[in-house]
Amino acid sequence: MSIEVTPAMRPERAREIAASFDLRALPADFYANPFPVYAALRETEPVHRMPDGSWFLTRYADLVAVYRDAQVFSSDKKVEFTPKYGAGSPLLEHHTTSLVFNDPPLHTRVRKLIMGALTRRAIAAMEPGLILLVETLLDGIEQRGGGDLIEDFASAIPVEIIGNLLAVPRDERGPLRAWSLAILGALEPRLTPEQEELGNRSVREFLDYLKVLVADRRKNPGDPEHDVLTRLIQGESSGEKLSETELLQNCIFILNAGHETTTNLIGNALVSLQEWPQEKERLLRAIGPAPDWDVLEPVMTLAVDEFLRFESSNQLGNRRAVQACEVGGVALPEGALVTLCIGAANRDPAQFANPDVLDLGRENNRHLAFGFGIHQCAGLSLARLEGRVAIGRFLARFPRYRLTESPVRGGRARFRGFLRAAFSVG
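Quick look at the structure, then. Remember, it's a predicted structure, so these values are computed and weren't measured experimentally. (Residues numbered from 1 in each chain as written. Predicted model: local features only at pLDDT ≥ 70, side-chain atom pairs only at ≥ 80, totals over all residues. Heavy atoms only, no water.)

Turning our eyes to something else, we now look at the sheet that holds strand β12 (residues 422–424). Spatially, β4-β12-β9 is the arrangement adopted by the three strands of the open sheet, whose pairing is antiparallel. In the strand order of this sheet, the two ends are held by β4 (146–148) and β9 (402–403), each with one partner. Where β4 and β12 come together, three bridges link them in antiparallel fashion. The residue bridging D148 from the neighbouring strand is A422, located in β12. (Pairing = 2+ DSSP bridges. Helix = DSSP H or I, 4+ residues; strand = E, 2+ residues; numbered from the N terminus.)

This is how it looks when you write it as structure tokens:
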């Protein structure tokens, strides 16, 4: 049985969408396969002005230039998000306080605290627990003869890992995924009243939960070398601490950022291998019947980075020009809002040979899935570890897995992943 995953798009249709491209009015076939549209934009208008006056960038070199220049291109979202969410709303407070949507000095302070608990040694110490978690999930799948790649596997892994990182009690992790999906869903370019209401309610509920968790952790601190929440509470050795709002909102950010993107990485990878059977066989040959995972680490790292490039978990980023400037030969005014299309840049033929081909042995893969510059993802090493262990051990256990029906995309422009992907173990 043939299962359609990424439907083809005719070149003339891609050019039609590109000619009037507007992130706030995207057709359904774009969500199913945006890459032909990105290619058409990159070829005809790589610095595209959208109807709302903002700019959409699709070339790799232009994204890197913007990422490099944090003085001109601000990550602070107060100007952009206040009219979107409304002054005083929970969504506004969250998204304008979290690490990713801020400039130094707040960004620097929070990132330094988080990175102190994500050292190479700390991440290595997480690996045995991660392997046990993955093997336990695979045992359940084997018993059932299949399941759903997202609900039964991909989404279960980062919830546990990030929950462990903040030492969230295991029996209290149930609502985390729903809160995360609602809050991150509110970042979509077009926000429905229902999405906005759910997002605001999710922030409020998340904060109510975290206030109790933080109060308990203040009384019973953990090991700051491994417990990020304890580290954030205690602050830097210099005595500089986060405010209560900064602390709570960045706990939400950590749980969300480590959850959605890693879920998408694992789900996208395992579905992509169904579309690229020759690459699946290539990886299976490398893994072999008796895997030596230490020897396979560089092989799996190359594969994970190619999955990230090919189907970037996070497709879009945003900046605001704080002064008049030029990008890709186009003059931008002071205050210009800029969308960085990571999904397009990661398939730019000027940077990647055969960019629309999944090549799990691709060398020198300088993709932008983790961003670039001062805002490069703080958890990239942890995400790579989760990807290597989850994807590698799934394939070793179920080399002949197959989709049993067409998977369901999440229907988002910013975050590219699946909501459901039913499969059997073959």
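Where helix α14 (residues 244–275) meets helix α18 (residues 380–397), the axes come as close as 10 Å, and the angle between the chain directions of the two elements is 35°. As for the relative orientation of α14 and α18, their crossing is right-handed in sense. Here T262, L265, I266, A269, L270 and L273 of α14 lie close against α18, whose contacting residues are A383, E386, G387, A390, I391, F394 and L395. By residue class, the composition of the contact of α14 with α18 is ten nonpolar, two polar and one charged. (Axes fitted to C-alpha atoms, helices over the stretch in contact; angles between N-to-C directions. Left-handed = near helix turned anticlockwise from the far one by under 90°. Contact = heavy atoms within 4.5 Å. Nonpolar A, V, L, I, M, F, W, Y, C, P; charged D, E, K, R; others polar.)

This brings us to empty space enclosed by the protein. Taken as a whole and assessed by the stated rule, the structure comprises four cavities of 30 Å³ or more. Taken as a whole, the largest cavity holds about 900 Å³ of empty space. Around the largest cavity, the lining comprises 45 residues; the ones closest to its centre are V100, F253, A257, T261 and C377. Those elements giving two or more residues to the lining of the largest cavity turn out to be α6 (90–95), α7 (106–115), α10 (156–165), α14, β5 (316–321) and α18. For the lining of the largest cavity, the leading source of residues is α14, giving eight residues. Considering the residues around the second largest cavity, the lining is formed by 13 residues, among which Y31, R412, A413, F415 and R416 are closest to the centre. Here the residues of the lining of the second largest cavity are counted per class, giving six nonpolar, four polar and three charged. (1 Å grid on protein atoms, 1.4 Å probe; cavity = no way out; pocket = protein on both sides within 12 Å on 5 of 7 lines; lining within 4 Å. Points joined across faces, edges and corners; volume = space filled by probe spheres on them.)

Note that the residue after P104, namely P105, is joined by a cis bond; omega there is 10°. Note that P105 resides in the loop between α6 and α7. Of note, the phi angle at N354 is positive, near 45°, even though the residue is not glycine. Residue position: N354 is located in the loop between α17 (342–345) and α18. Although it is not a glycine, N364 adopts a positive phi angle of roughly 50°. Along the chain, the position of N364 falls in the loop between α17 and α18. Classification of N364 by relative accessible area gives exposed; the value is 61%. (Buried < 20%, exposed > 50% of the residue type's maximum accessible area, 1.4 Å probe, protein only.)

This part is about the pattern of salt bridges. Under the definition given, this model contains 30 salt bridges. Between E151 and R177 there is a salt bridge; the shortest N-O distance is 3.4 Å. Placement of the pair is E151 in helix α9 (residues 150–154) and R177 in helix α11 (residues 176–185), with a sequence separation of 26 residues. Classification of R177 by relative accessible area gives buried; the value is 13%. Between R201 and E197 there is a salt bridge, with the nearest N and O atoms lying 2.6 Å from each other. Note that R201 and E197 are positioned in helix α12 (residues 193–219) at a spacing of four residues, about one turn of the helix. Among the residues examined, R201 registers a relative accessible area of 31% and is labelled partly exposed. Residue classification places E197 among the partly exposed positions, given a relative accessible area of 39%. Taken together, the shared-partner salt bridges in this structure form one network comprising E135, D139, E142, R393 and R397. (Salt bridge = Lys/Arg side-chain N within 4 Å of Asp/Glu carboxyl O.)

This part is about the pairing of β5. Of all six residues that make up β5, six are buried, and the element is covered over most of its length. Residues L316, N318 and R320 of β5 are buried on one face, and the alternating residues G317, R319 and A321, pointing to the opposite face, are buried as well. Relative to β5, strand β3 (residues 73–74) is paired through two bridges, and the arrangement is antiparallel. Along β5, the bridge assignment pairs F73 with A321. Of the pairings in the sheet, the one linking β5 to strand β8 (residues 337–341) comprises five bridges and is antiparallel in character. Note that in β8 the partner of N318 across the bridge is T339.

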